[in-house]
Amino acid sequence: MLLEEGKDEGRDLVVAHLTDPHVFVPRALTLSALSDKRLLGGVNALLFRRRKYRREVLEAAFDALGRIRPDHLVITGDITTLGARAELEVFGELLAKLPLGPGQVTLVPGNHDAYLTSLVKARYVQELLGPYMTSDPPFEGEAWPRVRIRGDLAIIACNTARPSGPFLALGTLGKGQLERLEELLGDPRVAGRFRLLALHHPPQSGAGHWHNRLTDARALGRVLVRQGAELVLHGHLHRDLEGTMEGPDEAIPVRGAASASSLDEGEGRRGAFWLYKISGRKLVGLERWTYESGSFAPGAR
């Protein structure tokens, strides 16, 4: 184990990574939702998704995280299935039960949380999850990326969520966010720390397929070649992924994770979250916690 449950690791930090919980609440299928893309998502959830993505699995993940008490929890999107308030309320209740305050949890949205432009800007998103998506002073503001400094750790949270057409799950950072990201990665207040970049879509060019890719992955790659980072975490593809991207001096580790609520028996797809142990500017350990027989425990599957 990276740490004993509840043990203080001193100056070393343990960061947990959880992604793609896909909370689904049937009452979210309102009449207004039946007239847009959420109809397709709702039918898919009713017929297929709720068999594979189960709330009891997600609750078991949060139970385990509550016992582990990581220093920080990073959640890389697709909190919901339909981007509905009822789904966010359920997830907010799970977050509230953790022995971690909003300053210890960083959340970025995914494409399911942004089915429509109206959902991206919905007031209830800020009301329910806003405290988990804020920047620290002096980086505060509405622009993404959001920045949080935790000792030797700098978390840079990017937003790739965007509305896209039926049967598409595209992500985009956009020119403004990429420019701000480059500035932040080179900012002396950030650059001297372990820079953890969090986003929903896989960042490598060619990752995923044409219908679910990050549209400006190449532009992001150019930013990282110039400025570097120590670790990139993502979700979206619902399986454990390990890769690298080119940095200015050495390769940057890139890791994706399975959905935290999944009962999928495919390789690397079973419900999981990861723990990363960081010492100074070095990643010194990692560990996969996997769902099995009603609870999460360390070990590969």
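Here the residue numbering is sequential within each chain, running from 1 through the sequence in written order. For a predicted model such as this one, the threshold for reporting local features is a pLDDT of at least 70, and the threshold for listing and counting side-chain atom pairs is 80 or more; totals across whole chains, interfaces and linings nevertheless cover every residue. Calculated side-chain values reflect all of the structure's heavy atoms, with hydrogen atoms and water omitted.

Caption draft 1: The overall build of the protein chain, seen in detail. Tallying secondary structure elements over the protein chain gives 8 helices and 12 strands in all. Per-residue burial over the protein chain gives 56% buried out of 301 residues. It only takes one pair of heavy atoms within 4.5 Å for two residues to be counted as in contact. By sequence separation, contacts in the protein chain at least 24 residues apart represent 69% of the contacts at least 6 residues apart. For the area figures, the Shrake-Rupley method with a 1.4 Å probe applies, and any residue is considered shielded solely by the protein chains shown. As displayed, the protein chain offers around 13,000 Å² of accessible surface, 50% of which is attributable to carbon and sulfur atoms. Secondary structure follows DSSP: runs of H or I at least 4 residues long count as helices, runs of E at least 2 residues long count as strands, and numbering of each begins at the N terminus. Only protein chains enter the area calculation, which uses a 1.4 Å probe; residues under 20% of their type maximum are buried, those over 50% are exposed, and those in between are partly exposed.

Caption draft 2: How the structure looks around the packing of aromatic side chains. Pairing of aromatic side chains requires ring centres within 6.5 Å, counting the rings of Phe and Tyr and the six-membered ring of Trp. Pairs whose planes differ by under 30 degrees are stacked, by over 60 edge-to-face, and all others tilted. All told, the structure shown has 5 aromatic pairs when counted by the stated rule. Ring centres 5.6 Å apart and planes at 85° place the aromatic pair Phe 62 and Phe 91 in the edge-to-face group. Pair noted here: Phe 62 is in helix α2 (residues 55-68) and Phe 91 is in helix α3 (residues 85-97), with a separation of 29 residues, a long-range link. When sorted by exposure, Phe 62 lands in the same class as Phe 91, which is buried. Each member of the aromatic cluster is reached from another via a ring pair, and the members are Phe 273, Trp 289, Tyr 291 and Phe 296. Looking at Arg 146, its charged tip hangs above the ring of Trp 144, at a distance of 4.1 Å from the centre. One cation-aromatic arrangement involves Arg 255 over Trp 274; the distance from NZ or CZ to the ring centre is 4.8 Å. Throughout this description, the term charge over a ring refers to an Arg CZ or Lys NZ atom that lies within 6 Å of the ring centre and within 35 degrees of the ring normal.

Caption draft 3: Quick peek at α2. Between its first and last C-alpha atoms α2 spans 20 Å; for 14 residues at 1.5 Å apiece the expected length is 20 Å, and the two agree. Listed as buried for α2 are Val 57, Leu 58, Ala 60, Ala 61, Phe 62, Ala 64, Leu 65, Gly 66 and Ile 68. Buried residues along α2 sit in contact with β1 (13-18), β2 (72-76), α3, β10 (272-279), β11 (282-292) and β12 (295-298). Where α2 terminates, the next one or two residues include Arg 69, which has phi positive at roughly 55°. Take the number of residues in a helix, subtract one, and multiply by 1.5 Å to get its expected span.

Caption draft 4: Summary view of the sheet that holds β12. The criterion for strand pairing is that DSSP finds at least two bridges linking the strands in question. Ordered in space as β3-β2-β1-β10-β11-β12, the 6 strands form an open sheet in which the pairing is mixed. Sheet topology places β3 (105-108) and β12 at the edges, where each strand pairs with a single neighbour. Averaged over all neighbouring strand pairs, the angle between strand axes comes to 20°, with direction disregarded. Relative to β12, β11 runs antiparallel, the two being bridged by 4 bridges. Bridge pairing in β12 places Glu 292 opposite Ser 295. Fitted lines through C-alpha atoms serve as axes, helices being fitted only where they are in contact, and the angles separating the N-to-C directions of these axes extend from 0 to 180 degrees. Strands in contact with α2 are β1, β2, β10, β11 and β12; relative to β12, the strand with the most contacts, it is inclined by about 50°.

Caption draft 5: Representation of the nonpolar core. Grouped together as the largest cluster of nonpolar side chains are 40 residues, with contacts concentrated most on Leu 18, Leu 73, Ile 75, Phe 91, Leu 95, Phe 273 and Phe 296. Secondary-structure elements contributing two or more residues to this core are β1, α2, β2, α3, β3, α5 (123-129), β10 and β11. Examining the composition of this core, we find that 8 residues originate from one element, α2, more than from any other. When sequence neighbours within four positions are dropped, the list of residues in contact with Phe 91 reads Pro 21, Val 23, Leu 58, Phe 62, Ile 75, Ile 79 and Leu 107. For the purposes of this section, nonpolar cores are sets of buried Ala, Val, Leu, Ile, Met, Phe, Trp, Tyr and Cys residues that join through side-chain atoms within 4.5 Å.

Caption draft 6: Examining the pairing of strand β6 (residues 194-198) more closely. With 5 of 5 residues buried, β6 is to be regarded as a mostly interior element. Along β6, one buried face is formed by Phe 194, Leu 196 and Ala 198 and the opposite face, lined by Arg 195 and Leu 197, is buried too. Pairing of strand β5 (residues 153-157) with β6, which is carried by 5 bridges, proceeds in the parallel orientation. Bridge assignment links Ile 156 to a residue of β6, and that residue is Leu 197. By the bridge criterion, 3 bridges tie β6 to strand β7 (residues 231-234) in an arrangement that is parallel.

Caption draft 7: Representation of the packing of helix α6 (residues 175-186) against helix α8 (residues 217-227) in the model. Packing of α6 against α8 leaves a shortest axis separation of 10 Å and a crossing angle of 15°. Relative to α8, α6 is oriented roughly parallel. The interaxial crossing formed by α6 with α8 has right-handed handedness. Residue-level contacts link Leu 178, Leu 181, Glu 182, Leu 185 and Gly 186 of α6 to Ala 219, Leu 220, Val 223, Leu 224, Arg 226 and Gln 227 of α8. For classification purposes, angles smaller than 35 degrees are called roughly parallel, those larger than 145 roughly antiparallel, those between 65 and 115 roughly perpendicular, and all remaining angles oblique. The sense of a crossing depends on the near helix, which, turned anticlockwise from the far helix by less than a right angle, makes the crossing left-handed and, turned clockwise, makes it right-handed.

Caption draft 8: The pattern of salt bridges, seen in detail. What makes a salt bridge here is a side-chain nitrogen of Lys or Arg within 4 Å of a carboxyl oxygen of Asp or Glu, nothing more. Using the criterion set out here, one finds 12 salt bridges in the structure. Two residues, Glu 127 and Arg 85, come together in a salt bridge whose shortest N-O distance is 2.8 Å. Separated by 42 residues along the polypeptide, Glu 127 in helix α5 and Arg 85 in helix α3 bring together distant segments of the chain. Here Asp 240 makes a salt bridge to Arg 288, at a shortest N to O gap of 2.4 Å.

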